[in-house]
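Now for the letters of each chain:
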Amino acid sequence: MVPAAAVGWLRLRPERDPHRVVWDGLTSLLMSLTGGPLRRGLWIAGLLVLGLLLTLRLLPRADYLPEGNRNLVFAFILPPPGANVEFIERVMGRTVIERLAPHLRGEREPVVRHYFFVAVPRGVFMGVRARDPEQAGALVPLVNEVVGGFPDTLAFARRASLFGGFGEGRTIDMELQGRDIGRVMAAAQSAFGLIRQTLPGATVRPLPGLELAEPELRLHPRERRLAEAGWDRKVAASVVRALGDGLYVGDWFDGEQTRDIILRTRPWKSPGELEALPLATPSAGVLPLSELMRMERTAGPAELRRVDRRRTVTLQVSPPQAVSLEEALEKLKREVAPRIADLLPADGGIRYGGTADKLKQALSSMSGSFLLAVAILYLLMSALFRSFRDSLLVILTLPLATVGGVIGLQLLNRYTFQPMDLLTMIGFIILLGLVVNNAILLVHQTRAAERDGLPRREAVRQAVRVRLRPIFMSTLTSIFGMLPLMLMPGAGSELYRGLATVIVGGMTTSLLFTLLLLPSLLRLGEGRRA
């Protein structure tokens, strides 16, 4: 359609270009700047080396996914040991309501639209929304103030991630492991304070908690009595499960549904009653539990947590808004981990999970995708040009584009925090397909002119003169098309701001420097005919 319409419409327009003087002047300037072997060598070496060095030097630290500006703040409160649901609702719930009341009535800013407060035996889960979504960022300090100040209580709040709920998004799980849970818990308590000092403003959520304050019954098997009764440790463990929450023993199909069969003993109300429960053994008849196991009354964590079958206490760290996930992880490994390693038991260790583990996999996958895209692009252009050398000339312009994207991110970070998250990394892959267009135009036009008999210098001059205007047109349309995503605020703007910045920065430097690099590369064989 475009060629057919152009045949009719362009007849009505004069053939003379009103901006011809501009294009001729730019062509002469570019040919002058790339004249002489020394100048060309300096441009080629300087642009390529400087581009690679600046990219490596200014590359921002990686992040996983953007948080988004979701109008929801979550809070979690770890109540004092022994607090029941009734106490949490009566004491803590009423206090929270009183503190939120002025914001709910609109007497104080930020105005709260609604909230929820859920009390469970192991803690409180709370959420707050602002009436004005633009004030959602001010909810975090408000909620921290509302839930803080309770004695022997840990409380923390954070903005909900657009890609998950509370405890998801930009989090690093620092997992302390070891058999001696007492020493592991002591190390976790020290790490909790060190993390807050190392990353001011970070949210640290301990799982399951930082105190061994929950009543706990430990049953130690009497090995000899178990053997005399005809049992072993495996059977004893199954019996203990039956004495507690229940032991799964099979399925039952009622004709419509399959239901679990759970074996439970009769309810008991005290440790003494548990010790006196009669157990039928294969070889020793009926014996009380105390004959087969020794009971120890102690205190332990709120729940037993294991990762890779090892006792674990997890510190879930959410870095501050202005700190990337990769930078926060490096600080934890460099400044926190060495100081708590001596507090762990001999068999203890530290591992990192959560989003930090996903980030490592994502970086590996994204690097592979980037290299694969370059390889496919090179092979495709080699097939179209029928020349590996010409396609290599096009590929050499890519460092100029990547350094532009990196510089754009650095400039943007002077005004607002923008990490190199996965969406921003995708911008670099998109940039590959955009910046090569200018180089393809110049290389193709130069080779076509050489095939028509022009010497190398005149062929490059003609290519620059003919293709200069379409290069500016295509590049400027891409840049101005992405500027609204980069500059305009609003809901969801931070999701694509990094991607748009990479494309705008990369296209800008590609426009400025490709016109110097490509003529320099194309004129390397000047003086010979194609």
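Since we're looking at a predicted model, the values are computed, not measured.

Visitor: Honestly, the overall build of the protein chain in this entry has me stumped. Any pointers?
Guide: Each helix and strand in the protein chain was counted, giving 17 helices and 15 strands. Overall, the C-alpha framework of the protein chain stretches about 105 × 65 × 60 Å when taken along its three principal axes. By residue count, 43% of the 530 residues in the protein chain fall in the buried class. Computing the positive centroid from 65 side-chain charges and the negative centroid from 49, the protein chain places the two 9 Å apart.

Visitor: Just checking my understanding: could you explain the pattern of salt bridges for this structure?
Guide: Side chains bearing opposite charge may pair, as long as their charged atoms lie close to each other. With the rule as written, the count across this model stands at 18 salt bridges. Linking Arg 20 and Asp 24 is a salt bridge whose minimum nitrogen-to-oxygen distance equals 3.6 Å. Highlighted residues: Arg 20 and Asp 24, both in helix H2 (residues 20–33), separated by 4 residues, approximately one helical turn. The salt bridge partner of Glu 175 is Arg 351, with a shortest N-O separation of 2.5 Å.

Visitor: Please explain the sheet that holds strand E2 (residues 112–120) as it appears in this structure.
Guide: Strand pairing in a sheet takes place through backbone hydrogen bonds and is either antiparallel or parallel in direction. On the basis of which strands lie adjacent, the open sheet formed by 4 strands has the order E2-E3-E1-E4 and antiparallel pairing. Each edge of the sheet is formed by a strand with only one pairing partner; in this case those strands are E2 and strand E4 (154–159). Going across the sheet, the axis of each strand differs from the next one's by a mean of 15°, ignoring polarity. Of the strand pairs in this sheet, strand E1 (residues 73–78) and E4 are connected by 6 bridges, and their pairing is antiparallel. Bridged to Phe 74 within E4 is Arg 158. With respect to the sheet, helix H4 (residues 85–104) is in contact with E1, E2 and strand E3 (123–130), its orientation differing from that of E2 by roughly 170°.

Visitor: What is the right way to look at the packing of helix H16 (residues 456–487) against helix H17 (residues 493–522) in this model?
Guide: The description of two helices packed together rests on the angle between their axes and the distance between the axes. At a minimum axis separation of 10 Å, H16 and H17 run at an interaxial angle of 170°. Judged by the inter-axis angle, H16 sits roughly antiparallel to H17. When the residues that make up the contact of H16 with H17 are grouped by side-chain class, the tally is 19 nonpolar, 5 polar and 2 charged.

Visitor: What's the story with H16 in this structure? I'm lost.
Guide: Residues spaced three or four apart along an α-helix face the same direction, because each turn holds 3.6 residues. Taking 1.5 Å per residue, 32 residues should reach 46 Å; H16 reaches 43 Å between its end C-alpha atoms and fits that length. Where H16 bends most, at Arg 467, the angle is about 45°, and the proline Pro 470 comes one to four residues later. The inward-facing, buried residues of H16 contact H2, helix H15 (422–451) and H17.

Visitor: How should helix H13 (residues 388–395) be read in this particular structure?
Guide: Among the residues of H13, Asp 390, Ser 391, Leu 393, Val 394 and Ile 395 are the ones counted as buried. Residues of H13 that are buried sit in contact with helix H12 (355–385), helix H14 (398–412), H15 and H17. Measuring from the side-chain oxygen of the N-cap residue of H13 to the backbone nitrogen of Arg 389 gives 3.3 Å; that N-cap residue is Ser 387.

Visitor: Explain the nonpolar core here, please?
Guide: It is characteristic of soluble globular proteins that their nonpolar side chains tend to be buried jointly. Counting residues in hydrophobic clusters, the biggest one holds 83 residues, and the most contacted among them are Ile 172, Met 174, Leu 176, Ile 195, Val 317, Leu 332 and Val 336. Ranked by residue count, the leading element in this core is H17, at 13 residues. Counting 21 residues, the second largest nonpolar core, distinct from the first, contains Ala 83, Val 96, Val 128 and Leu 139.

Visitor: Even after reading the chapter, I still don't get unusual backbone geometry, so can you show me in this structure?
Guide: One can expect most non-glycine residues to show negative phi and most peptide bonds to be in trans. At the junction of Glu 109 and Pro 110, the peptide bond is cis and its omega measures out at -5° in the coordinates. Within the element layout of this structure, Pro 110 appears in the loop between H4 and E2. At the junction of Leu 207 and Pro 208, the peptide bond is cis and its omega measures out at 5° in the coordinates. Relative to the helices and strands, Pro 208 is located in the loop between strand E6 (203–207) and strand E7 (214–221). The backbone of Asp 308 shows a phi angle near 55°, a positive value even though the residue is not glycine. Accessibility expressed as a relative area gives 57% for Asp 308, which makes it exposed. Phi at Arg 309 is positive, roughly 70°, even though this residue is not glycine. Tracing the backbone shows Arg 309 in the loop between strand E13 (306–307) and strand E14 (310–318).

Visitor: Would you mind showing me how to read the packing of aromatic side chains here?
Guide: Where two aromatic rings form a pair, the distance of their centres and the angle of their planes describe that pair. This structure, assessed with the given rule, holds 5 aromatic pairs. Summarising the aromatic geometry, the rings of Trp 23 and Phe 472 are spaced 5.9 Å apart at their centres and angled 50° between planes, so their arrangement reads as tilted. Of this pair, Trp 23 sits in helix H2 while Phe 472 sits in helix H16, and the two are 449 residues apart along the sequence. Judged by relative accessible area, which is 22%, Phe 472 ranks as partly exposed. Plain terms: the ring middles of Phe 74 and Phe 125 are 5.2 Å apart, the flat faces sit at 35° to each other, and that makes the pair tilted. Highlighted residues: Phe 74 in strand E1 and Phe 125 in strand E3, separated in sequence by 51 residues.

Visitor: I keep staring at the side chain of Ser 391 and nothing clicks. Help me out?
Guide: One can find Ser 391 in helix H13. Look at Ser 391 and you get buried, because its relative accessible area is 0%. A distance of 2.7 Å separates the side chain of Ser 391 from the side chain of Ser 382, its partner in a polar contact. Contacts of Ser 391, omitting those with residues within four sequence positions, involve Tyr 378, Met 381, Ser 382 and Phe 385.

Visitor: Just checking my understanding: could you explain the side chain of Thr 27 for this structure?
Guide: Mapped onto the elements, Thr 27 comes out in helix H2. Residues within four places of Thr 27 in sequence aside, it is in contact with Arg 461, Val 464, Arg 465 and Leu 468.

Visitor: Just checking my understanding: could you explain the layout of surface pockets for this structure?
Guide: Picture a little ball the size of a water molecule; that probe, rolled over the atoms, points out where space is still empty. Empty space within the second largest pocket amounts to approximately 760 Å³. For the lining of the second largest pocket, a count of residues per class yields 8 nonpolar, 1 polar and 10 charged.

Conventions we followed
- Residues numbered from 1 in each chain as written.
- Predicted model: local features only at pLDDT ≥ 70, side-chain atom pairs only at ≥ 80, totals over all residues.
- Heavy atoms only, no water.
- Helix = DSSP H or I, 4+ residues; strand = E, 2+ residues; numbered from the N terminus.
- Buried < 20%, exposed > 50% of the residue type's maximum accessible area, 1.4 Å probe, protein only.
- Lys, Arg positive; Asp, Glu negative; His and termini not counted.
- Charge placed at Lys NZ, Arg CZ, Asp CG, Glu CD.
- Salt bridge = Lys/Arg side-chain N within 4 Å of Asp/Glu carboxyl O.
- Pairing = 2+ DSSP bridges.
- Axes fitted to C-alpha atoms, helices over the stretch in contact; angles between N-to-C directions.
- Contact = heavy atoms within 4.5 Å.
- Parallel < 35°, antiparallel > 145°, perpendicular 65-115°, else oblique.
- Nonpolar A, V, L, I, M, F, W, Y, C, P; charged D, E, K, R; others polar.
- Expected span 1.5 Å × (residues − 1).
- Bend = angle between axes of the 7 residues up to and from the residue.
- Polar contact = N/O pair within 3.5 Å; in protein donor to acceptor, adjacent residues only side chain to side chain.
- Core = buried A, V, L, I, M, F, W, Y, C linked by side-chain atoms within 4.5 Å.
- Phe/Tyr/Trp six-rings, centres within 6.5 Å; stacked < 30°, edge-to-face > 60°.
- 1 Å grid on protein atoms, 1.4 Å probe; cavity = no way out; pocket = protein on both sides within 12 Å on 5 of 7 lines; lining within 4 Å.
- Points joined across faces, edges and corners; volume = space filled by probe spheres on them.

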